[in-house]
Amino acid sequence: MTLYIDPPTWPGHGRMWSHLVSDASYEELHAFAAAIGAPARAFDRDHYDVPSERYADAVAAGAVEVGSKELLRRLTDAGLRRPKRRGGGPRS
């Protein structure tokens, strides 16, 4: 059971962001995020968005640094990937 974080290379809201994921469970992910002070609103489908200024905190707490492609591979291999729904409108 490991938590992974990619580099803060994702722009948004005037900041740069990382993604934090688990390779075991959402419960593990939520517990880790709470322990590093990530707010619940930072959870997005299958990961937490972590601002660049909190990246070192996540790594110090035990998150393993990986590239974005490796993070996605591990999330997908764990069966925890929840991609965005395509189509934009409500389902019929």
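Only a predicted model underlies this, so the values are computations on that prediction, with no experimental measurement involved.

### A word on the nonpolar core
Inference 1: In this structure, Ile5, Leu20, Phe32, Tyr48 and Ala63 are the most contacted members of the largest nonpolar core, which totals 21 residues.
Inference 2: Of all the secondary structure elements, the ones that give two or more residues to this core are β1 (3-5), β3 (15-22), α1 (26-35), β5 (47-51), α2 (55-60) and α3 (68-77).
Inference 3: Tallying contributions element by element places α1 first for this core, with four residues.
Inference 4: Contacts of Ile5, omitting those with residues within four sequence positions, involve Ser18, His19, Leu20, Val50, Tyr55, Ala58, Val59, Ala63, Val64, Glu65, Val66 and Leu71.

### A look at the layout of surface pockets
Inference 1: Here the largest pocket defines a volume of roughly 310 Å³.
Inference 2: Taken together, 16 residues make up the lining of the largest pocket; nearest its centre are Trp10, His19, His47, Leu72 and Arg81.
Inference 3: Of all the secondary-structure elements, those providing two or more residues to the lining of the largest pocket are β3, β5 and α3.
Inference 4: The element best represented in the lining of the largest pocket is α3, accounting for four residues.
Inference 5: Counted by class, the lining of the largest pocket contains six nonpolar, three polar and seven charged residues.
Inference 6: Each pocket or cavity is described by its volume, and for the second largest pocket that value is around 200 Å³.
Inference 7: As for the second largest pocket, its lining consists of Arg15, Trp17, Ile36, Gly37, Ala38, Pro39, Arg41, Ala42, Asp49, Val50, Pro51 and Arg54.
Inference 8: Secondary structure elements with two or more residues in the lining of the second largest pocket: β3 and β5.
Inference 9: With three residues, β5 is the largest single contributor of residues to the lining of the second largest pocket.

### As for the pairing of β5
Inference 1: Most of β5 is tucked away, with four of its five residues classed as buried.
Inference 2: As paired strands, β3 and β5 are joined by four bridges and run antiparallel to one another. Across the sheet, Leu20 pairs through a bridge with Tyr48, a residue of β5.
Inference 3: Relative to β5, strand β4 (residues 43-44) runs antiparallel, the two sharing two bridges. Residue pairing for β5: Phe43 is matched across the bridge by Tyr48.
Inference 4: Connecting the antiparallel pair β4 and β5 is a turn made up of two residues, with Arg45 showing a positive phi of about 65°.

### Let's talk about the packing of aromatic side chains
Inference 1: Under the criterion given, the structure shown has two aromatic pairs.
Inference 2: Summarising the aromatic geometry, the rings of Tyr26 and Phe43 are spaced 6.2 Å apart at their centres and angled 80° between planes, so their arrangement reads as edge-to-face. In this pair, Tyr26 is assigned in helix α1 and Phe43 in strand β4, connecting sequence segments 17 residues apart.
Inference 3: Through pairs of rings, three or more aromatic residues link up here, namely Tyr26, Phe43 and Tyr48.

Basis of the calculations
Residues numbered from 1 in each chain as written. Predicted model: local features only at pLDDT ≥ 70, side-chain atom pairs only at ≥ 80, totals over all residues. Heavy atoms only, no water. Core = buried A, V, L, I, M, F, W, Y, C linked by side-chain atoms within 4.5 Å. Buried < 20%, exposed > 50% of the residue type's maximum accessible area, 1.4 Å probe, protein only. Helix = DSSP H or I, 4+ residues; strand = E, 2+ residues; numbered from the N terminus. Contact = heavy atoms within 4.5 Å. 1 Å grid on protein atoms, 1.4 Å probe; cavity = no way out; pocket = protein on both sides within 12 Å on 5 of 7 lines; lining within 4 Å. Points joined across faces, edges and corners; volume = space filled by probe spheres on them. Nonpolar A, V, L, I, M, F, W, Y, C, P; charged D, E, K, R; others polar. Pairing = 2+ DSSP bridges. Phe/Tyr/Trp six-rings, centres within 6.5 Å; stacked < 30°, edge-to-face > 60°.

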